[in-house]
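# Structural overview
So the chains spell out like this:
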Amino acid sequence: LHELFSSGMTKKESTYRLSWIAIAALAWEIFFWILIAGLLFLLGYLDNGSLTRLDFFTPEAFWLYLLMLPLTGVYFWNLIRVNKLSESFGSGIRKMILRPVDNLSTFLRFFFFRNTFAFLILSLAQPVFGTKKVSGTIESLELVICLDVSASMDVKDISDDLSRLDVSKRAIVQLINNLHGEKIGICVFAGGAYVQLPITSDYSAAKLFVNDITTSIMSNQGTNINAALSTANDMFTDQKCSKGIIIVTDGENHEEKPSSIFEILKKKNITVNVLGIGSKSGGPVPINPDRPELGYKKTPLGSTVVSKVNREFIQSIASKGKGMAILSDDEFPDLSPLLTEINQMKRTKLRDLQFDMKENRYRIPLFAALVCWLVFLFMDK
């Protein structure tokens, strides 16, 4: 390059020496990519087994370098246009009206413009090299849904087509669809309680299990909230995280009043929210929901048994559990208050997690691009 410049690129003339500028640009292009290839080799880009090797988060950004071809073409086309305009005048007139051109400055302007573009693309490719220790936090929340499957949940007092259980299952699926990372478990209860689905983060499996629930899966009838809460309490993992219970019930035909279990849940900071399903007017309890021709259950005196949602009982459970009670007689229960409560639950942050993370070095080529751009602007003055 020294010989190239000394051979005439620094001489002031009225036309550009395009061949010299093109040779200088090509020479730098070759040298630049040899330099890049050498750096990639030295930093282990081809060493797939190394954790600290150079890599790129977005290597597809290198395709942007193809834009350099039309930009270079425009640049040289402009120089050719100036040369043709200069040559259209006589030599005497050229010296009188045209300012002499500086071939070296012209090349350097192209040099810094091209490097600005190249380093910017390199920065967009986000080179990563080496690792750094990072402290992280994890937020976790476990929820257990206790679903009432007593006979009264077969009552169709909300809709002629849907029982309380159908509406409850629809509400639970809607709830699951709005969860984001929380782990969930399902417990069913009537006169007793058992685990339908252990704590999991597999929402698809949870919805499948919910859809398979019927009141016939438990022969021991009643609404034993004590058993439901005790079973739910045993389902939680030993992980240090926030925990909550959601009871879905009509509150009918309940057993003894829950008492001691709430002291246990309180000590563990487990919140109990209740979703009450059913209407004030209630409805008859079918003998067999799959065989409506059998009619409805009757009292010993022969009158039809009418099941109504037990609002007072539901409110008391939520109050003792330090949670909220939502009462719904709609086919599509509004779960927004419950979802808000879930989102506002204090989530335990597990700190002091140390892990290695690849360090992004995009700032280095970005700084180089900025320097080249400032020099280009300064030279253009």
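You'll find the structure just up there.
A brief structural summary.

### Looking at the packing of aromatic side chains
Per the counting criterion, the structure on display carries 14 aromatic pairs. Ring centres 5.0 Å apart and planes at 85 degrees place the aromatic pair Phe111 and Phe112 in the edge-to-face group. Residue Phe111 is classed as buried on the basis of its relative accessible area, which comes to 17%. Of the residues examined, Phe112 reaches a relative accessible area of 18% and is grouped as buried. Connected via pairs of aromatic rings, a cluster forms that spans Trp28, Phe31, Phe32, Trp33, Tyr65, Phe107, Phe111, Phe112 and Phe119. Stacked on the ring of Phe32, the Lys or Arg Arg114 has its end atom at 3.9 Å from the ring centre. Against the face of Phe332 rests Arg170, its NZ or CZ located 4.0 Å from the ring centre.

### Remarks on a nonpolar patch on the surface
Residues Leu64, Leu67, Leu71, Leu120, Leu124 and Leu366 make up a contiguous nonpolar surface patch of roughly 470 Å² in combined accessible area. You can see Leu64 is positioned in the loop between strand E1 (55–56) and helix H3 (68–87).

### Considerations on the nonpolar core
Core analysis: the biggest nonpolar cluster contains 36 residues, and Val149 and Val248 have the highest contact counts within it. Elements that contribute at least two residues to this core include exactly strand E2 (127–148), helix H6 (164–177), strand E3 (183–189), helix H7 (203–211), strand E5 (242–249), strand E6 (270–277) and helix H11 (336–344). Per-element accounting of this core gives the leading share, seven residues, to H6. Every residue in contact with Val149, bar those within four places of it in the chain, is listed here: Leu165, Val188, Phe189, Ala190, Ile213, Thr214, Thr215, Ile217, Met218 and Gln221. Ile247, Phe262, Val274 and Val309 belong to the second largest nonpolar core, which has 24 residues in total.

### A look at helix H5 (residues 103–124)
The terminal C-alpha atoms of H5 lie 32 Å apart, and with 22 residues this matches the ideal 32 Å at 1.5 Å per residue to within 8%. Phi turns positive one or two residues past the end of H5, at Gln126, with a value near 55 degrees.

### Thoughts on the pattern of salt bridges
Opposite charge on two side chains lets them pair, provided their charged atoms get close. Applying the stated criterion across every chain yields a total of four salt bridges. Put simply, Asp157 and Arg164 hold a salt bridge, and the shortest N to O gap is 2.9 Å. In terms of burial, Asp157 and Arg164 fall into one category: buried. Residue Asp250 pairs with Arg164 through a salt bridge whose shortest N-O separation is 2.7 Å. With Asp250 in the loop between E5 and helix H9 (260–267) and Arg164 in helix H6, this pair connects stretches of sequence that are 86 residues apart. The same class applies to Asp250 and to Arg164, which are both buried. Residues joined in a network through salt bridges with shared partners are Asp157, Arg164 and Asp250.

### What to know about empty space enclosed by the protein
Counted by the stated rule, this structure contains one cavity of 30 Å³ or more. In this structure, the largest cavity occupies an estimated 40 Å³ of space. Residue lining of the largest cavity: Ile145, Ala171, Ile172, Leu175, Ile246, Val248, Leu275, Leu335 and Leu338, and that is the complete set. Among the secondary structure elements, those contributing two or more residues to the lining of the largest cavity are H6 and E5. The residue inventory of the lining of the largest cavity, partitioned by class, reads nine nonpolar, no polar and no charged.

### Points about a negative patch on the surface
A cluster of acidic residues, Asp160, Asp161, Asp329, Asp330, Glu331 and Asp334, forms a negative patch on the protein surface. Tracing the chain through its elements places Asp161 in the loop between E2 and H6. Residue Asp161 is classed as exposed on the basis of its relative accessible area of 64%.

### A word on the layout of surface pockets
Of the pockets and cavities examined, the largest pocket occupies roughly 540 Å³. Along the wall of the largest pocket there are 24 residues; nearest its centre are Asp154, Pro286, Asn288, Pro289 and Asp290. Elements represented by at least two residues in the lining of the largest pocket include exactly H6 and strand E7 (283–284). Ranked by residues supplied to the lining of the largest pocket, first place goes to H6 with three residues. Classifying every residue of the lining of the largest pocket by side-chain character gives ten nonpolar, seven polar and seven charged. Approximately 350 Å³ is the volume attributed to the second largest pocket.

### Overview of the environment of Glu331
Position of Glu331 among the secondary structure elements: in the loop between strand E9 (325–328) and H11. Overall, the relative accessible area of 31% leaves Glu331 in the partly exposed class. In the structure, Glu331 is positioned 168 residues away from Ser163 in sequence and 9.3 Å away in space, judged by C-alpha atoms. Every residue in contact with Glu331, bar those within four places of it in the chain, is listed here: Ile158, Ser159, Leu162, Val167 and Arg170. A polar side-chain atom of Glu331 sits 3.5 Å from a polar atom in the side chain of Ser159.

### Quick look at the side chain of Asn233
Looking at where Asn233 falls in the secondary structure, it is placed in helix H8 (residues 225–235). Filtering out sequence-adjacent residues up to four positions away, Asn233 remains in contact with Ile264, Leu265, Lys268 and Ile270.

### A look at H6
The end-to-end C-alpha distance of H6, which contains 14 residues, comes to 20 Å, matching closely the 20 Å that a straight helix rising 1.5 Å per residue would cover. Of all 14 residues that make up H6, ten are buried, and the element is covered over most of its length. Considered for burial, the residues of H6 that qualify are Arg164, Leu165, Val167, Ser168, Lys169, Ala171, Ile172, Val173, Leu175 and Ile176.

Calculation notes
- Residues numbered from 1 in each chain as written.
- Predicted model: local features only at pLDDT ≥ 70, side-chain atom pairs only at ≥ 80, totals over all residues.
- Heavy atoms only, no water.
- Phe/Tyr/Trp six-rings, centres within 6.5 Å; stacked < 30°, edge-to-face > 60°.
- Buried < 20%, exposed > 50% of the residue type's maximum accessible area, 1.4 Å probe, protein only.
- Lys NZ or Arg CZ within 6 Å of the ring centre and 35° of its normal.
- Patch = residues over 30% accessible without salt bridge, like charges linked within 9 Å, V, L, I, M, F, W, Y side chains within 5 Å.
- Areas by Shrake-Rupley, 256 points an atom, 1.4 Å probe, with all protein chains shown as cover.
- Salt bridge = Lys/Arg side-chain N within 4 Å of Asp/Glu carboxyl O.
- Helix = DSSP H or I, 4+ residues; strand = E, 2+ residues; numbered from the N terminus.
- Core = buried A, V, L, I, M, F, W, Y, C linked by side-chain atoms within 4.5 Å.
- Contact = heavy atoms within 4.5 Å.
- Expected span 1.5 Å × (residues − 1).
- 1 Å grid on protein atoms, 1.4 Å probe; cavity = no way out; pocket = protein on both sides within 12 Å on 5 of 7 lines; lining within 4 Å.
- Points joined across faces, edges and corners; volume = space filled by probe spheres on them.
- Nonpolar A, V, L, I, M, F, W, Y, C, P; charged D, E, K, R; others polar.
- Lys, Arg positive; Asp, Glu negative; His and termini not counted.
- Charge placed at Lys NZ, Arg CZ, Asp CG, Glu CD.
- Polar contact = N/O pair within 3.5 Å; in protein donor to acceptor, adjacent residues only side chain to side chain.

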